[in-house]
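Residues per chain, in single letters:
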Amino acid sequence: MSSAAVSAAPIAASQVPVAASPAMREVIEAARDVAPTLTTVLLLGESGTGKELLARFLHAESRRPGPWVAVNCAALPAELLESELFGHEKGSFTGAFERRAGRFEQAQRGTLLLDEISELPLPLQAKLLRVVQEREVDRLGGQRPVPVDVRVIATSNLDLGEMVQRGLFRSDLYYRLNVFPIVLPPLRDRLEDLPALATALIADASRELGRPAPLLDEAALAALRVNPFRGNVRELRNMLERALVRCRGPVLGAAHLGLSVGGGQAPALHALKEMRPPAALSLDGREAPTPHTPTLDGRRALALQGDLPLDLGELERLAIAEALRRVRGNRTHAARLLGIGLRTLRNKLRTYREAGVNVEAAEPAAGQLWPSASIAADEISQPWRGALRARTSQEETSEETS
Ligand SMILES: Nc1ncnc2c1ncn2[C@@H]1O[C@H](COP(=O)(O)OP(=O)(O)O)[C@@H](O)[C@H]1O
Ligand SMILES: [Mg+2]
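This structure is a prediction, so every number in the text was calculated from the model and none was measured.

Caption draft 1: Structural context of the confidence of the model for the chain. For the chain, the mean per-residue pLDDT works out to 78, and 73% of the residues sit at or above 70. Note on residues 7-14: pLDDT is under 50 here. Beyond four places in sequence and across chains, it has eleven contacts. Considering only residues more than four positions removed or in separate chains, one finds that residues 263-307, a stretch of pLDDT under 50, has 73 contacts.

Caption draft 2: Molecular detail of the packing of aromatic side chains. Summed over the entire model, instances satisfying the criterion amount to two aromatic pairs. Ring centres of Phe86 and Phe104 lie 5.9 Å apart, and the angle between their planes is 10°; on these two criteria the pair is classed as stacked. Of the two residues, Phe86 sits in helix H3 (residues 78-86) while Phe104 sits in helix H4 (residues 103-106), which places them 18 residues apart along the sequence. The residues Phe86 and Phe104 share a single accessibility class, namely buried. Centre to centre, the rings of Tyr174 and Tyr175 are 5.2 Å apart; their planes meet at 55°, and the pair counts as tilted.

Caption draft 3: Structural detail: the packing of helix H15 (residues 331-338) against helix H16 (residues 342-354). One way to put it is that H15 packs onto H16 with a least axis distance of 9 Å and a crossing angle of 105°. Relative to H16, the element H15 is oriented roughly perpendicular. In this structure, H15 contributes Arg331, Thr332, Ala334, Ala335 and Leu338 to the contact, and H16 contributes Leu342, Leu345, Arg346, Leu349 and Arg353. In the contact of H15 with H16, the residues fall into six nonpolar, one polar and three charged.

Caption draft 4: Examining the site of ligand 1 more closely. Surrounding ligand 1, one finds 16 residues, the nearest of these being Val18, Gly48, Lys51, Arg234 and Arg237. At a separation of 2.4 Å, an oxygen atom of ligand 1 approaches a polar side-chain atom of Arg237. Protein burial of ligand 1: of its 550 Å² of free accessible surface, 89% is covered by the chains. Among the elements of the structure, helix H2 (51-62) and helix H10 (232-246) are those that each provide at least two residues to the shell around ligand 1. In the shell around ligand 1, the residues fall into six nonpolar, four polar and six charged. Both domain 1 (6-185) and domain 2 (188-265) contribute no fewer than three residues apiece to the shell around ligand 1.

Caption draft 5: Highlighting helix H9 (residues 218-225). Within H9, the full set of buried residues consists of Ala220, Leu221, Ala223 and Leu224. Angularly, the buried residues of H9 cover 160° about the axis, an arc narrow enough to put them on a single face. Here H9 starts with a cap whose side-chain oxygen sits 3.3 Å from the backbone nitrogen of Ala219, and that cap is Asp217.

Each value, and the rule that gives it
Residues numbered from 1 in each chain as written. Chains lettered and ligands numbered in written order. Predicted model: local features only at pLDDT ≥ 70, side-chain atom pairs only at ≥ 80, totals over all residues. Heavy atoms only, no water. pLDDT = per-residue confidence, 0-100. Contact = heavy atoms within 4.5 Å. Phe/Tyr/Trp six-rings, centres within 6.5 Å; stacked < 30°, edge-to-face > 60°. Helix = DSSP H or I, 4+ residues; strand = E, 2+ residues; numbered from the N terminus. Buried < 20%, exposed > 50% of the residue type's maximum accessible area, 1.4 Å probe, protein only. Axes fitted to C-alpha atoms, helices over the stretch in contact; angles between N-to-C directions. Parallel < 35°, antiparallel > 145°, perpendicular 65-115°, else oblique. Nonpolar A, V, L, I, M, F, W, Y, C, P; charged D, E, K, R; others polar. Near = heavy atom within 4 Å. Polar contact = N/O pair within 3.5 Å; in protein donor to acceptor, adjacent residues only side chain to side chain. Areas by Shrake-Rupley, 256 points an atom, 1.4 Å probe, with all protein chains shown as cover. Domains from an automatic or database assignment. Arc of directions from axis to C-beta.

Rendered as structure tokens:
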């Protein structure tokens, strides 16, 4: 089936994650501890932080005799995902011409990676819970369950705890998966990893290009240090690959990276990026979040640059809609972004509601809990870290239901 969704490639010996920073060393240590057990592992972190790489490392270190099987829950529609994971019997649905073992069965005595578990539809979450608990799968149309001996690793770049609160993820499954969570910190919080990562990534890419690896000069490294890396290690890798194509000599400099030595990206390029809607801003080509369709309010807010309404009330409403959209409707975070109190925000929303104007309908960008665009890196990393600690203030709990 779809090779985008499933991979069963063996791990190369060289694919040990680079870990120079204390934070990453701790991650690797935790991974080594849990690897030889059957414990379910939940890998959390922003896109591009190395969750899949770490999952493969866990499998390699587990010494389990069975295969490595990966399923990306975001890559298949629900109907296909069910039979993909759990298998089906011949004739169990139109098009089921023959019996087929699901990925769980294929991962017998090995490891199954459920990538982007947040995208698993609720009915399949129930089914998955049963499999993880009972260690047996029911094929679609099957008569009796098939026992499975599979180590499960799940990943998420969304805050599953918050999804549970919002009714988007089953709490029982969440607690079942959250037995041994490992959080991969964003690259901007572990810049000590930069030199070693850059060296390793340059070596890999040069090998692929069949060229000797150039050295990264100090100015280039300095420029990288101040890059926000919202796309994390994946962004670094893509950046270095692009730079290598343009670098002919033995030294890779800041100019090859398209970075100014003073820091950050060239201003023109930066400005251009800020003007595109957040969903299109993913800096990694591969895992760009599915572009969402902004509601009218969202779209108009994004078009503010060229098409600025001059009515202050209208501007305020657009700002509120945009803030809510960016924080997936969390009013506490939205109020913080807007620089107003929660009560003020609630009052304004009530006024809109009474006037029949809905500003809260905006759909969040899929794959993003916090926006990657146009807000400062620390504004993103703070709530992310807080949320991963699964700490929810009383205020947030009560206001979700208000
Ligand atoms: N610690 C690391 N050492 C070496 N390469 C890394 C590291 N972390 C991430 N990478 C590389 O960065 C890219 C993105 O990693 P990936 O595991 O796909 O991230 P995620 O699954 O979190 O989005 C991959 O090419 C991966 O090999
Ligand atoms: Mg991934």
